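Fold and contact review
Here is what each chain is made of, one letter per residue.
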Amino acid sequence: MSSNKFNVIKLLQQETNNDKDIVYRKKIINNEQIYIVYDDSLTGNDKISDFIIRSLDSISYRYEKKDDLYNIVLNDINNFKVIEITTYKDICYYLHNGFTLIIFENSKYVALETKKNLSRSISEPNTETTLRGAMDSFVEEIQTNTGLIKRRIKDNNLWSISNNIGKYTKTKVTIMYINGICKKELVDKINELINKIDIDGIVASGNIKNLIEKENKSVFPTILTTQRPDKAANSLLEGKIVIIVDGSPYVLIIPAVLNDFFLNSEDMSMKSINISYTRIIRYIAFFISILTPALYIAITTFNQELLPTDLLINFASQRENVPFPAFFEALIMILSFEILRESNLRIPSFSSSALSIVGALILGEAAVNAGIVSPIMIIVVSITAISALPFTEPELINGLRWWRLAFMFAAAILGLVGVNLMLICFILKLSSIESFNIPYLTPFAPTFKEGLKNSFIKFPEKKLTKRKKYLSNNIIKEEQWKKH
């Protein structure tokens, strides 16, 4: 190796502790040395052999000393992506991103795209199932995810901003939005928040979510996550921003208000009257999931006069041998169900059904026979659990858990009066949340007419002629604008 011509090789070997995966191959072309450097764990050896080595062998027959080898390689190399780099920082970046480097004697460097395919193929989403919607989902590779969106939105106004975040991971984070629909101030705010992130590494989209959502002090989420490209594309058309993080199959949608968590990707594929019925069911399920245990505790402990006499006697006979008060009984069952649910999520899928049967049937029946809980409590917990199933966003489900416990404590202390007081606090809290300067209860409070047309009641598509003005300044949709 020449004295100062290839100092970058020595520096790389020193800083990587002579990593055996990093290959340094010396090649001589008409008495001129070059080095081919690549990380074997990130690159495809077939691409290096077929495109780079063969091209260099071909060049060696035509190369004369008077010619500039660097320019010849730059123009004649058989590779679809050739990047000229000048700094050591760029050398490290491209080396650790699956590129092959060619290092010349005159301290010039070229990076060639030779990434190995380390991501899984596109499959069906496993958390957001649909009956009639698209069946593809995001994967861990950012270029594939970007392509799944661009396949749906074929327009020059689909803009993107990319940043590398993380001191060690240098994870690529891409902001996508539609210029002319999305508000510029929202784009600037999100871009500023991402640029301010100073952290060792980003390994998932959840890291970005937590760092830019730090202004939200509520347990309810203000950012929506999704596996579905069609949902992301539809959000972009509304004026929202999509954030894609390399290595994560979940993208972020900003902003998100409470109503967004009650919508479904297949709503565009079905009749509005049927979708309206389904959405009303989701809203009812939301309140049932929060209030049912609290109402049971309040009625059986403080407000027995609300029950018919026969039903009250029936409840009393069922609880006769139960040694715990209603609150403690409900707390035991709710916590047992949450433990069962967490176990069901974490264990392999082939044994999850067996766990559900053991937990729900055998243990539930055994608890009743042992006199630990009453049969009516099993029904209450079952209704509560089933009512939470329509929601797939984990952060929303966690919010329901915390507020369910808060309602139970209020019911145990003051009965129905406590439930009513906690309900007022619940509504006030929701009213105080903002999702990137947008009130969380939008379009209900404040009221937006166009937003209400696609809330718990969905109007037919021909009636949805305008975008929501709290998301976009370009509120008239293009096809409708042509008719005016």
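Structure: see above.
Residues numbered from 1 in each chain as written. Predicted model: local features only at pLDDT ≥ 70, side-chain atom pairs only at ≥ 80, totals over all residues. Heavy atoms only, no water.

From N to C terminus, the chain includes 17 helices and ten strands. Relative to the globule expectation of 23 Å for 484 residues, the C-alpha radius of gyration of the chain, 30 Å, shows a markedly less compact shape. On the principal axes, the C-alpha backbone points of the chain span a range of 105 × 65 × 35 Å. Evaluated residue by residue, the chain yields a buried proportion of 47% over its 484 residues. Put simply, of all contacts in the chain between residues at least 6 apart along the chain, 65% involve residues at least 24 apart. For the chain, the centre of its 56 positive side-chain charges and the centre of its 50 negative side-chain charges are spaced 5 Å apart. (Helix = DSSP H or I, 4+ residues; strand = E, 2+ residues; numbered from the N terminus. Rg over C-alpha atoms; globule rule 2.2 N^0.38 Å. Buried < 20%, exposed > 50% of the residue type's maximum accessible area, 1.4 Å probe, protein only. Contact = heavy atoms within 4.5 Å. Lys, Arg positive; Asp, Glu negative; His and termini not counted. Charge placed at Lys NZ, Arg CZ, Asp CG, Glu CD.)

Along the chain, T442 connects to P443 via a cis peptide bond; the corresponding omega equals 10 degrees. Relative to the assigned elements, P443 resides in the loop between α15 (416–432) and α16 (449–452). Looking along the chain, the bond that leaves A445 and enters P446 is cis, with omega of 0 degrees. With respect to the helices and strands, the residue P446 is situated in the loop between α15 and α16. Of note, the phi angle at N17 is positive, near 55 degrees, even though the residue is not glycine.

Right, let's talk about the nonpolar core for a bit. Core analysis: the largest hydrophobic core is formed by 61 residues, its most contacted members being I149, F220, V242, F286, F407, F426 and L430. For F286, the contacting residues outside a window of four places in its chain are F220, F262, F391, L396, L400 and F426. C182, I190, I202 and I241 belong to the second largest nonpolar core, which has 21 residues in total. (Core = buried A, V, L, I, M, F, W, Y, C linked by side-chain atoms within 4.5 Å.)

On to helix α11 (residues 326–346). Note that an α-helix has 3.6 residues per turn; residues three or four places apart therefore point the same way. If you check α11, its first and last C-alpha atoms are 30 Å apart, about what 21 residues at 1.5 Å a residue would give, namely 30 Å. Buried within α11 are the following residues: A326, F327, E329, A330, L331, M333, I334 and E338. (Expected span 1.5 Å × (residues − 1).)

In summary, the side chains of a regular strand alternate between the two faces of the sheet. Of all the five residues making up strand β5 (residues 109–113), five are buried; the element is thus mostly covered by neighbouring parts of the structure. Where burial is concerned, the two faces of β5 agree: the one with Y109, A111 and E113 and the one with V110 and L112 are both buried. Sheet topology note: the strand β3 (residues 82–85)/β5 ladder contains four bridges and is antiparallel. The partner of I85 across the bridge, within β5, is Y109. Here strand β4 (residues 99–104) runs beside β5; their pairing, made up of five bridges, is antiparallel. Note that in β5 the partner of I102 across the bridge is V110. Turn length for the β4-β5 hairpin, with the two strands adjacent in sequence and antiparallel, is four residues, and the turn residue S107 shows positive phi of about 60 degrees. (Pairing = 2+ DSSP bridges.)

Counting across every chain of the model gives 22 aromatic pairs. When the ring of F6 is compared with that of Y35, the centres are 4.9 Å apart and the planes differ by 65 degrees; the resulting orientation is edge-to-face. Residue F6 is found in the segment before α1 (7–15), and its partner Y35 is found in strand β2 (residues 32–39); the two are separated by 29 residues along the sequence. Considering the side-chain rings of Y70 and F104, the 5.3 Å spacing of their centres and the 85 degrees angle between planes classify their relative orientation as edge-to-face. One end of the pair, Y70, is in helix α3 (residues 69–76); the other, F104, is in strand β4, and 34 residues separate them in sequence. (Phe/Tyr/Trp six-rings, centres within 6.5 Å; stacked < 30°, edge-to-face > 60°.)

Across the sheet, five strands lie side by side as β1-β2-β4-β5-β3; this open sheet has antiparallel pairing. Of all strands in the sheet, those with a lone pairing partner are β1 (22–29) and β3, marking the two edges. The average undirected angle you get between the axes of adjacent strands in this sheet is 25 degrees. The sheet contacts of α1 involve β1, β2, β4 and β5, and relative to β1 the element is tilted by about 165 degrees. (Axes fitted to C-alpha atoms, helices over the stretch in contact; angles between N-to-C directions.)

In spatial order, the strands read β6-β7-β9-β10-β8; together these five strands make up an open sheet with antiparallel pairing. A single partner strand is all that each edge strand has here, and the edge strands are β6 (158–165) and β8 (224–226). For this sheet the average axis-to-axis angle between neighbouring strands, irrespective of direction, equals 25 degrees. Lying over the sheet, helix α6 (residues 184–195) contacts β6, β7 (171–178), β9 (241–245) and β10 (251–254), oriented at roughly 15 degrees with respect to β6.

The next thing to look at is the side chain of T114. Along the chain, T114 falls in the loop between β5 and α5 (142–150). Excluding residues that lie within four positions of it along the chain, T114 makes contacts with L42, T43, G44, K47, I48, I52, N79, G98, F99 and T100.

Two numbers describe how helix α9 (residues 272–301) lies on α15: the axes approach to 9 Å, and their chain directions differ by 155 degrees. Taken together, the axes of α9 and α15 are roughly antiparallel relative to one another. Considering how the two elements wind past one another, α9 and α15 form a crossing that is right-handed. Contact residues: α9 offers F286, F287, I290, L291, A294, L295 and A298, while α15 offers L416, V419 and F426. Its residues placed into classes, the contact of α9 with α15 shows ten nonpolar, no polar and no charged. (Parallel < 35°, antiparallel > 145°, perpendicular 65-115°, else oblique. Left-handed = near helix turned anticlockwise from the far one by under 90°. Nonpolar A, V, L, I, M, F, W, Y, C, P; charged D, E, K, R; others polar.)

Geometric descriptors of this kind do not, in isolation, establish any biological role.
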